[in-house]
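Close look at the chain arrangement
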Amino acid sequence: ESLSMVLLVPVVCCFDDIQFADPSSLGFMKSLLIYSSRQKNLFFIGCCRDEIGDFSAWLDSQESGPTLSRVHLSNLNIDAVNSMLSHELHLTPRLTLSLAEILFHKTL
């Protein structure tokens, strides 16, 4: 209930790498999801890799709580990574390509 005191403004909670969550953590997340279904200013984002864990099965097994929406994101291609690096580093794409290739292959 102490969370209610904070919810005078919208709050976004992001859980990353939840494919590695243990049963206790999943239980905690379920409690938060059920609690958030009664709140207007609380929003949860969960990020996971489908190919590593079985988080999708856990989501499917949740019968109570808020409505859940899934958004599938695919990997960026090398051109998108290079474009982002070029923009953020304020360098031409020709100068960032070698770094983009390294990052691209490390994050597959």
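Reading the values: rules and limits
Numbering of residues begins from 1 in every chain and follows the order in which that chain's sequence is written. At least 70 in pLDDT is required for a residue's local features to be given in this predicted model, at least 80 for side-chain atom pairs to be given and counted, and no such filter applies to totals for whole chains, interfaces and linings, which use all residues. Only heavy atoms go into the side-chain values, all of them from the structure, while hydrogens and water stay out. Helix numbers and strand numbers start at the N terminus; a helix is a DSSP run of H or I with at least 4 residues, a strand a run of E with at least 2. Each residue's exposure class comes from its accessible area (1.4 Å probe, protein chains only) as a fraction of the maximum for that residue type: buried when under 20%, exposed when over 50%, partly exposed otherwise. In this scheme, strands are said to pair when DSSP sees at least two bridges between them. Note on handedness: a clockwise path from strand one over the helix to strand two, with the strands aimed away from the viewer, defines a right-handed crossover. The span you would expect from a helix comes to 1.5 Å times its residue count less one. Contacts were defined at the residue level, with two residues in contact if any of their heavy atoms lie within 4.5 Å. Only residues above 30% relative accessible area that lack a salt bridge enter a patch, with like-charged residues linked at up to 9 Å and the nonpolar side chains Val, Leu, Ile, Met, Phe, Trp and Tyr linked at up to 5 Å. The Shrake-Rupley method, run with a 1.4 Å probe, gives the accessible areas here. Residue values count only the displayed protein chains as cover. What makes a salt bridge here is a side-chain nitrogen of Lys or Arg within 4 Å of a carboxyl oxygen of Asp or Glu, nothing more. We call a pair of cysteine sulfur atoms a disulfide whenever their separation is within 2.5 Å. The predictor rates its confidence in each residue with pLDDT, a number between 0 and 100.

In this section: the overall build of the protein chain. Scanning the protein chain from terminus to terminus reveals five helices and two strands. When the helices and strands of the protein chain are listed from N to C terminus, the series reads α-β-α-β-α-α-α. Each of the 108 residues in the protein chain was classed as buried or not, and the buried ones make up 21%.

Here we take up the pairing of strand β2 (residues 42–46). Strand direction decides the pairing type here: strand β1 (residues 11–15) and β2, joined by five bridges, are parallel. Paired with valine 11 across the bridge in β2 is leucine 42. Note on the crossover from β1 through helix α2 (residues 23–36) to β2: the handedness is right-handed.

Here we take up helix α5 (residues 93–106). Relative to the 20 Å expected for 14 residues at 1.5 Å per residue, α5 spans 19 Å between its end C-alpha atoms, a close match to the ideal helical length. Those residues of α5 not exposed but buried are Thr96, Ala100 and Phe104. Of the surrounding elements, those touching the buried residues of α5 are α4 (78–89).

A surface patch of nonpolar side chains, amounting to about 490 Å² of accessible area, comprises Leu89, Leu91, Leu95, Leu99, Ile102 and Leu103. Broken down by element, the nonpolar patch gets its largest block of residues, four residues, from α5. Mapped onto the fold, leucine 95 is located in helix α5. For leucine 95, a relative accessible area of 49% gives the class partly exposed.

Our next topic: the state of the cysteines. Using the criterion set out here, one finds zero disulfides in the structure. Just so you know, cysteine 14 is unpaired, no disulfide at all, and the nearest cysteine sulfur is the one on cysteine 47, 4.0 Å from it. According to the relative accessible area criterion, cysteine 14 is exposed, its value standing at 52%. For cysteine 48, which is in no disulfide, the shortest distance to another cysteine sulfur is to cysteine 47 and amounts to 7.9 Å. According to the relative accessible area criterion, cysteine 48 is partly exposed, its value standing at 30%.

Attention now moves to the confidence of the model for the protein chain. A residue-level look at the protein chain finds 83% of positions with pLDDT of 70 or above and a mean pLDDT of 82. No element of the protein chain has a lower mean pLDDT than helix α1 (residues 2–6), which averages 59, and none a higher one than α4, which averages 97.

As for its placement among the helices and strands, leucine 91 is situated in the loop between α4 and α5. With relative accessibility at 38%, the residue leucine 91 sits in the partly exposed group. In this view, leucine 91 contacts Ser86 and Thr96; residues no more than four positions away in its chain are not counted.

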